[in-house]
Amino acid sequence: MGRLKKILIPSLGLVLAFWFYSARDTFKPEMLRGKRVIVTGASTGIGEQMAYHLARMGSHVLLTARTEARLQNVVRRCLELGAASARFVSGTMEDTAFAQHVVREAQAVLGGLDMLILNHVGASYFGFFDGDVEHVRKLLEINFLSYVAMTTSALPMLKESEGSIVVVSSMAGKIAGPFTAPYSATKFALDGFFSSLRQELIIDKVNVSITLCILGYINTESAVRAVSHVIPQTPAPKEECALEIIRAGALRRRELHYPSPAVGSMLLLRSLAPELLDSLLLSSYRLENVRRT
Ligand SMILES: NC(=O)C1=CN([C@@H]2O[C@H](COP(=O)(O)OP(=O)(O)OC[C@H]3O[C@@H](n4cnc5c(N)ncnc54)[C@H](OP(=O)(O)O)[C@@H]3O)[C@@H](O)[C@H]2O)C=CC1
Ligand SMILES: CC(C)CCC[C@@H](C)[C@H]1CC[C@H]2[C@@H]3C(=O)C=C4C[C@@H](O)CC[C@]4(C)[C@H]3CC[C@]12C
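Within every chain, residues take consecutive numbers counted from 1 along the sequence as written. To label them, take the chains in the order written and letter them from A, then take the ligands in the order written and number them from 1. Only residues with pLDDT of at least 70 are given local features in this predicted model, and only at 80 or more are side-chain atom pairs given and counted; all residues enter the totals for whole chains, interfaces and linings. No hydrogens and no water enter the side-chain calculation; it runs on all heavy atoms of the structure.

The name an unreviewed UniProt entry assigns to the protein chain is 11-beta-hydroxysteroid dehydrogenase 1, from the organism Taeniopygia guttata. UniProt positions are given in the numbering used here, feature names are shortened, and annotations may be inferred rather than shown by experiment. According to its UniProt record, the protein chain has this under Sequence similarities (unreviewed entry): "Belongs to the short-chain dehydrogenases/reductases (SDR) family." Regarding the protein chain, the UniProt comment filed under Subunit (unreviewed entry) reads as follows: "Homodimer."

**Student:** What is the right way to look at the packing of aromatic side chains in this model?
**Tutor:** The aromatic pairing rule takes the rings of Phe, Tyr and Trp, using the six-membered ring of Trp, and pairs them if the centres are within 6.5 Å, calling planes under 30 degrees apart stacked, those over 60 edge-to-face and the rest tilted. A full pass over the atoms with the stated rule returns 6 aromatic pairs. Ring centres of F193 and F194 lie 5.0 Å apart, and the angle between their planes is 75 degrees; on these two criteria the pair is classed as edge-to-face. For F193, a relative accessible area of 29% puts it in the partly exposed group. Taken together, the ring pairs in this structure connect F126, F128, F179 and Y285 into an aromatic cluster. R77 extends its terminal NZ or CZ atom over the ring of Y52, reaching a point 4.7 Å from the ring centre. Partly exposed residues are those whose accessible area sits between 20% and 50% of the maximum for their type, while under 20% is buried and over 50% is exposed, using a 1.4 Å probe and protein chains only. In this scheme, Lys NZ or Arg CZ marks a charge over a ring once it lies within 6 Å of the ring centre and within 35 degrees of the ring normal.

**Student:** So what exactly am I meant to see when it comes to the nonpolar core here?
**Tutor:** One broad rule of soluble globular proteins: the nonpolar side chains tend to lie buried together. Remark: nonpolar core denotes a set of buried residues (Ala, Val, Leu, Ile, Met, Phe, Trp, Tyr, Cys) joined through side-chain atoms within 4.5 Å. Formed by 38 residues in total, the largest nonpolar core has its most connected members in M150 and F194. Under the scheme used here, helices are H or I runs from DSSP no shorter than 4 residues and strands are E runs no shorter than 2 residues, and both carry numbers assigned from the N terminus. Breaking this core down by element, the ones donating at least two residues are α4 (96–110), β4 (115–118), α5 (133–161), β5 (164–170), α6 (181–203), β6 (209–215) and α9 (262–272). It is α5 that contributes the most residues to this core, 10 residues altogether. We call two residues in contact when some of their heavy atoms are within 4.5 Å. Beyond its immediate stretch of four places on either side in the chain, M150 contacts I38, T40, M93, A99, V102, V103, L116 and L118. Grouped together as the second largest cluster of nonpolar side chains are 37 residues, L32, V37, C241 and A248 included.

Below, the structure is given as structure tokens:
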């Protein structure tokens, strides 16, 4: 009997836990059909790819970024791919009034919102911190404050639809490596704000999910241009990355780690042996190619 308790009950627990987590894992593209989704930073990179996936799944997409000409092309392609509707609003997220305007547009043209995907980032540099405090302020406004402003304006609609907020962050928002000081600060800020807000929504029994996406190196043009001379590793594909973000949001996951298990193991190594992680990281960089100002 003693052995039964010691072995059988924990094994049963494991089987049940496995069943529970795998049952929650059933993503179907139909989950996004007819859903009203905002994607920020949708003119290029991962945001553009998310727009195409959502279009194929039959969502209503409202896209935003600064470059109107690019957004026009992305909207046209979304309509070809089968979007229920596709529109854009162009402007800069340096301005919190613009962030709020995008959310009001969703109310006006879509009559509500099911998913808010916060993905845009302002341009930064990959190199030694150059002492430019104004750049840090500007990047915080674009990469962090506008996320807070959009979330605040969108919450009433998301409460109504029991919708989801998806926040695109980075390994650099969990572990601070060199050469990304301003960028890393903005991504750590997102974790602090949104992980706190998630708990408050749970306490208040508000059924709006928050998914924080922790991404490694992805093969977007801007990332490859910025770091390929220093980081020799092969980046993960942006198309698959975009799909994983949508899937994690639809499944109301707390965090996404992509590519997995590389990101997960770095996070684990960081808590077990941080010095080892730092030295592994540095030995993989081509430091002689880093820009100094
Ligand atoms: N690629 C990578 O290796 C990694 C990326 N990530 C994260 O993934 C997300 C997407 O990255 P990625 O696709 O590589 O980035 P891109 O540089 O390809 O895209 C950035 C997007 O943000 C828009 N944007 C830039 N500045 C502003 C602004 N001032 N106001 C409004 N929109 C702006 C750009 O459009 P426009 O210029 O037209 O405004 C563009 O649509 C980001 O949150 C990034 O931090 C995380 C880890 C790694
Ligand atoms: C242990 C970790 C600190 C780092 C290991 C993984 C490294 C190789 C990955 C993880 C996050 C990645 C950066 C990122 O998030 C986004 C951008 C913005 C883009 O415009 C330019 C490239 C840049 C700086 C990426 C560079 C490569 C990084 C540092």
